[in-house]
Amino acid sequence: MKKLATIIQEKIKSQGPMSFRDFMGMALYYPGLGYYTSGKERIGKAGDYFTSPTANNLLGESIAKQLVEMWEILGKEEFAVVEYGAGDGSLSSQILSWLKDNSRLYHHISYYIIEKRSSTDIKKEFIHKIIRADDVSQIPPIVGCILSNELIDNFPVHRIINQNGLHELRVSYTEDGFTEVAVPLGNDLKNHIEKFGIEIPQYSGTEICTEMAPWLNEINHILKKGFVLTIDYGDSGERLIQNCDTNGTIHCYHKHHVNRNPFANIGDQDITADVNFSTLAAMGKAVGLEYTGFTTQSEFMIALGLNSRINHDEQMDEIKVNTMLDFMVNMSRKLKVFIQHKAVNHPMISGLLFARRAVA
Ligand SMILES: C[S@@+](CC[C@H](N)C(=O)[O-])C[C@H]1O[C@@H](n2cnc3c(N)ncnc32)[C@H](O)[C@@H]1O
């Protein structure tokens, strides 16, 4: 079978340099050969990185508590969760386990997952409770919450730099291997930058995620009333650009090591770009999703009772408590929780108790 790198190389040879978005899309999702579509285990000890739900069940429990409050705000009737990019299904199992033991919401909930990879590892007891869909067209309009954890940072992005003017970085191939070429910006990217007021200072780089708008359109279409709860790496547009050189925010993960070279291990390493939450807020507003709030994952979990959860767990010895705290400090501070709402009046959301960040 042809290697993915060869397929990409041949495409560049016949069609010329491709956008980084197309390269990243092929590297992650090319049928049968992409990072997430080859069927190989990617997350966890045997894979390349951990996500919060594959590290422990604390985030799942916090989200479950938050969902109970959202259900109460929405009138304690039927409530659906649509979890986008559910990975191996850990988060869905953790949420349903907690609800089963702690809340009547368990009896009212419908839980849908949408995932590009073919297999999931959902706990046996929840297999009949969770409905798998290929895309939102298979899900009826819902009242409830659209949930995602580390989904959007895997959406393919364009790369833009300012080096004596704005340029797009496209992917080319020479005898030395894959390389980037800077070309003048096309009209679509120019318009996007203008529309969302993205400032890119000289010798800085950023990414533009054109898949966010269609995704928001899709989820807005099925959400009659409720919330969108998005957890991901990223920040406001302003803070993202303050911390970037011309490499922007691209990070790659291979066997639990981070690198900045998207052309290494093609199809065998994860490629991510931090989420610009200011753009997400603006695009959401344009389709009818109101901004509720923005906070770090640590603050979200603490607001929902994480400290007492850890301190009162009799099964946790000192080592486990320290591992949990380590996780909190290292992982949860970089991850952000971003909430939007629709057809709900000024909802008070407990997970946003410590939110002090405007996202603009
Ligand atoms: C970083 S993993 C996170 C998995 C899981 N949410 C977790 O926290 O462990 C990102 C997941 O999003 C999935 N994904 C990316 N784009 C998607 C899309 N448009 N629709 C459905 N799943 C998608 C990938 O296949 C991958 O499993």
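Enquirer: Give a description of the overall build of the protein chain that names residues and reports values.
Expert: Looking only at helices and strands, one finds 13 helices and 16 strands in the protein chain. Computed over the C-alpha atoms, the radius of gyration of the protein chain is 21 Å, within 12% of the 21 Å expected from 2.2 N^0.38 for a compact globule of 360 residues. Dimensions of the protein chain, computed from the C-alpha atoms along their principal axes, are close to 60 × 45 × 45 Å. Counting the 360 residues in the protein chain, one finds 55% classified as buried. Taking the intrachain contacts of the protein chain between residues at least 6 apart in sequence as the baseline, contacts between residues at least 24 apart amount to 76%. Of the roughly 16,700 Å² that the protein chain leaves accessible, carbon and sulfur atoms contribute 49%. Distance between charge centroids for the protein chain: 2 Å, based on 36 positive and 43 negative side chains.

Enquirer: Can you break down the site of the ligand residue by residue, with the values?
Expert: As a structural note, the neighbourhood of the ligand is formed by 19 residues, with Tyr29, Thr51, Gly85, Glu115 and Asn149 the closest of them. Taking Lys116, its main chain carries an N or O atom lying 3.3 Å from a nitrogen atom of the ligand. When the ligand sits alone it has 600 Å² of accessible area, and the protein chains cover 94% of it.

Enquirer: Before we move on, can you summarise the packing of aromatic side chains with the specific residues and values?
Expert: A full pass over the atoms with the stated rule returns 15 aromatic pairs. On the basis of an interplanar angle of 65° and a centroid distance of 6.4 Å, the ring pair of Tyr106 and Phe126 is categorised as edge-to-face. Here Tyr106, found in helix 6 (residues 105–108), pairs with Phe126, found in the loop between strand 3 (109–114) and strand 4 (130–133); they are 20 residues apart in sequence, far enough to count as distant. There is no split in this pair, since Tyr106 and Phe126 are both buried.

Enquirer: Go over the side chain of Gln94, please, and point to the residues and values.
Expert: Following the sequence through the fold, Gln94 ends up in helix 5 (residues 90–102). Note on Gln94: relative accessible area 14%, which makes it buried. Contacts of Gln94, omitting those with residues within four sequence positions, involve Pro53, Asn56, Asn57 and Gly60.

Enquirer: Go over the nonpolar core, please, and point to the residues and values.
Expert: Ile8, Phe20, Phe23, Trp215 and Ile271 are the most contacted members of the largest nonpolar core, which totals 56 residues. Residue assignment for this core shows that the elements contributing at least two residues are helix 1 (4–15), helix 2 (20–29), strand 2 (79–84), strand 3, strand 5 (142–149), helix 8 (212–222), strand 10 (223–235) and helix 10 (277–287). If you tally residues by element for this core, the top one is helix 2, at seven residues. Look past the residues within four positions of Phe23 in its chain and what remains in contact with it is Ile8, Met18, Val171, Pro262, Phe263, Ile266 and Ile271.

Enquirer: Which residues make up the pairing of strand 5, and what values do they have?
Expert: The buried fraction of strand 5 is high, at seven of eight residues. Of the strand pairs in this sheet, strand 2 and strand 5 are connected by five bridges, and their pairing is parallel. Note that in strand 5 the partner of Ala80 across the bridge is Gly144. In the sheet, strand 5 pairs with strand 10 via eight bridges, with the strands oriented parallel. Each bridged residue has a counterpart across the sheet, and for Gly144 the counterpart in strand 10 is Gly226.

Enquirer: Now, about helix 8: what can you tell me, with residues and values included?
Expert: For helix 8, the full list of buried residues reads Met212, Trp215, Leu216, Ile219, Asn220 and Ile222. Angular distribution of buried residues about the axis of helix 8 spans 165°; they occupy a single face of the element.

Calculation criteria
Residues numbered from 1 in each chain as written. Predicted model: local features only at pLDDT ≥ 70, side-chain atom pairs only at ≥ 80, totals over all residues. Heavy atoms only, no water. Helix = DSSP H or I, 4+ residues; strand = E, 2+ residues; numbered from the N terminus. Rg over C-alpha atoms; globule rule 2.2 N^0.38 Å. Buried < 20%, exposed > 50% of the residue type's maximum accessible area, 1.4 Å probe, protein only. Contact = heavy atoms within 4.5 Å. Areas by Shrake-Rupley, 256 points an atom, 1.4 Å probe, with all protein chains shown as cover. Lys, Arg positive; Asp, Glu negative; His and termini not counted. Charge placed at Lys NZ, Arg CZ, Asp CG, Glu CD. Near = heavy atom within 4 Å. Polar contact = N/O pair within 3.5 Å; in protein donor to acceptor, adjacent residues only side chain to side chain. Phe/Tyr/Trp six-rings, centres within 6.5 Å; stacked < 30°, edge-to-face > 60°. Core = buried A, V, L, I, M, F, W, Y, C linked by side-chain atoms within 4.5 Å. Pairing = 2+ DSSP bridges. Arc of directions from axis to C-beta.

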